[in-house]
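Here are the chains, one letter per residue:
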Amino acid sequence: AAYLAISAIQASQKSLYQEDFANTTDFLNLRLNLNGVRAAQLTMMVLTNRPDQERWRQDSNDRSRELDATLRALLERGRSDPRLFSRIEELKAIHEAFEQTRATQINPLILEGKLEEAKKLALGVNAERYGKMRAIAEKLGKAAVGKARAAVAESESRAQQAVGLFAAAGVVAVLLAVAMVLLLN
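Counting restarts for each chain, with residues numbered from 1 along the sequence as it is written. Only residues with pLDDT of 70 or above have their local features reported here, since the model is predicted, and side-chain atom pairs are shown and tallied only from 80 upward, although totals for entire chains, interfaces and linings are computed over all residues. Neither water nor hydrogens contribute to the side-chain values; these are computed over all heavy atoms in the structure.

## Some points on the packing of aromatic side chains
- Pairing of aromatic side chains requires ring centres within 6.5 Å, counting the rings of Phe and Tyr and the six-membered ring of Trp. Pairs whose planes differ by under 30 degrees are stacked, by over 60 edge-to-face, and all others tilted. Summed over the entire model, instances satisfying the criterion amount to 0 aromatic pairs.
- Two conditions define a charge sitting above a ring: the NZ of Lys or the CZ of Arg must be within 6 Å of the ring centre, and it must be within 35 degrees of the ring normal. A cation sits over an aromatic face here: Arg38 above Tyr130, 5.4 Å from the ring centre.

Put into structure tokens, the structure is as follows:
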């Protein structure tokens, strides 16, 4: 029984680390990179120096690649939860549309000096997409934190049960030892 309790604790800890904490961290990183892409895009609009604009465009491209990698990791870990998986797929689809508009329409307009057209897209359709992505990522992130907290509480409960089993086994062993000493004397 004690071995089973320890095995259950190990499995719980493994799941907690490999899934719950990883998802929590990934959703935080996802929001961080979403904010970074958005900030880089808006920064490009206020700069007039082409090398500075290019630096910010590269920053947003790098962050977008990180976003893609994070979404792939979340999808991989979320395969066993259909509801989570579908929400991450939804987030990925919105990100792809956001990224397509950013990379193929907004950035070229900024670099061509057509700021009003770029602002219209960035503050219109892409602002709406950004808001949807942030809302989904925030909701899923909060759910991941809740799941991690529940897993920690479950692990603590199992650890307390294991301690109880070990204590009971110890008491029984001491009582048996005392009984054997009394019988042998």
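Once the structure has been displayed, the description carries forward.
## Some points on the nonpolar core
- Take the buried Ala, Val, Leu, Ile, Met, Phe, Trp, Tyr and Cys residues and link them wherever side-chain atoms come within 4.5 Å; each set so joined is a nonpolar core. The cut-offs for exposure are 20% and 50% of the maximum accessible area for each residue type, with area from a 1.4 Å probe on protein chains only; residues under the lower value are buried, those over the upper are exposed, and the others partly exposed. The biggest cluster of nonpolar side chains holds 20 residues, and the ones touching the most others in it are Phe27, Leu30, Leu34, Ile88, Leu91, Met133 and Leu140.
- Going through the elements one at a time, α1 (2-46), α2 (50-77), α3 (82-111) and α5 (125-184) are the ones with two or more residues in this core.
- Not counting residues up to four positions away in its chain, the partners in contact with Leu140 are Phe27, Leu84, Arg87 and Ile88.
- In this structure, Met44, Met45, Ile110 and Ala118 belong to the second largest nonpolar core, which totals 8 residues. Only DSSP runs of H or I covering at least 4 residues are called helices, and only runs of E covering at least 2 are called strands; the numbering of each starts at the N terminus. When checking whether two residues touch, look at their non-hydrogen atoms; a contact exists if any pair is within 4.5 Å.

## A few points about the pattern of salt bridges
- What makes a salt bridge here is a side-chain nitrogen of Lys or Arg within 4 Å of a carboxyl oxygen of Asp or Glu, nothing more. Using the criterion set out here, one finds 13 salt bridges in the structure.
- Salt-bridge contacts for Asp26 lead to Arg77; the nearest nitrogen and oxygen are separated by 2.3 Å. Linking Asp26 in helix α1 with Arg77 in helix α2, this pair joins segments that are 51 residues apart in sequence.
- For Arg77, a relative accessible area of 22% corresponds to the partly exposed category.
- The closest approach of N and O atoms between Lys92 and Glu96, which form a salt bridge, is 2.7 Å. With Lys92 and Glu96 both in helix α3 and 4 residues apart, this pair spans about one turn of that helix.

## A look at a nonpolar patch on the surface
- Taken together, Val174, Val178 and Leu182 make up a surface patch of nonpolar side chains, about 290 Å² in accessible area.
- Secondary-structure assignment places Leu182 in helix α5.
- Of the residues examined, Leu182 reaches a relative accessible area of 62% and is grouped as exposed. Patch membership requires over 30% relative accessible area and the absence of a salt bridge. Like charges are linked within 9 Å, and nonpolar side chains (Val, Leu, Ile, Met, Phe, Trp, Tyr) within 5 Å. Methods summary: accessible areas were calculated by the Shrake-Rupley approach with a probe of 1.4 Å, and residue burial reflects only the protein chains presented.

## As for the side chain of Thr101
- Turning to its location among the elements, Thr101 is positioned in helix α3.
- Relative accessible area serves as the criterion here: at 6%, Thr101 is assigned to the buried category.
- Identification of polar contacts relies on pairs of N or O atoms within 3.5 Å, with a donor-acceptor requirement for protein atoms, meaning one able to donate a hydrogen and the other able to accept it, and with residues adjacent in sequence counted only if both atoms are side-chain atoms. At 2.7 Å, the side chain of Thr101 and the side chain of Arg129 are in polar contact.
- Excluding anything up to four places from it in sequence, Thr101 contacts Ile106, Val125, Asn126 and Arg129.

## Section: the packing of α3 against helix α4 (residues 115-122)
- At a minimum axis distance of 8 Å, the contact between α3 and α4 shows a crossing angle of 155°. Put simply, α3 runs roughly antiparallel to α4. Crossing handedness for the pair α3 and α4: left-handed. The residues of α4 that touch α3, namely those facing Gln105, Ile106, Leu109 and Ile110, are Leu115, Glu117, Ala118, Leu121 and Ala122.
- For the contact of α3 with α4, the per-class residue count stands at 7 nonpolar, 1 polar and 1 charged. Think of each axis as a best-fit line through the C-alpha atoms, taken over the contacting stretch in the case of a helix, with angles from 0 to 180 degrees between the N-to-C directions. What sets the label is the angle itself: under 35 degrees gives roughly parallel, over 145 gives roughly antiparallel, 65 to 115 gives roughly perpendicular, and the rest give oblique. What makes a crossing left-handed is the near helix being turned counterclockwise from the far one by less than a right angle; a clockwise turn instead makes it right-handed. In the scheme used here, Gly and all other residues not listed as nonpolar or charged are polar, with Ala, Val, Leu, Ile, Met, Phe, Trp, Tyr, Cys and Pro taken as nonpolar and Asp, Glu, Lys and Arg as charged.

## Description of the side chain of Gln41
- Examined against the element boundaries, Gln41 turns out to sit in helix α1.
- A residue is classified by how much of its surface remains accessible, and Gln41, at 3% relative accessible area, is buried.

## Points about the packing of α2 against α3
- Closest axis-to-axis distance for the α2/α3 pair is 11 Å, and the angle between their directions is 165°. Judged on the interaxial angle alone, α3 and α2 are roughly antiparallel. In the packing of α2 onto α3, the handedness of the crossing is left-handed. Mapping the contact onto sequence places Arg50, Gln53, Glu54, Arg57, Ser60, Asn61, Ser64, Leu67, Asp68, Leu71, Leu74 and Leu75 in α2 and Phe85, Ile88, Glu89, Leu91, Lys92, His95, Glu99, Arg102, Asn107, Ile110 and Leu111 in α3.

## Let's talk about the confidence of the model for the protein
- One confidence number per residue, pLDDT, is output by the predictor and ranges from 0 to 100. Per-chain confidence: the protein averages 88 in pLDDT, with 90% of residues scoring 70 or above.
- Confidence, expressed as mean pLDDT per element, reaches its minimum in the protein at α1 with 80 and its maximum at α3 with 96.

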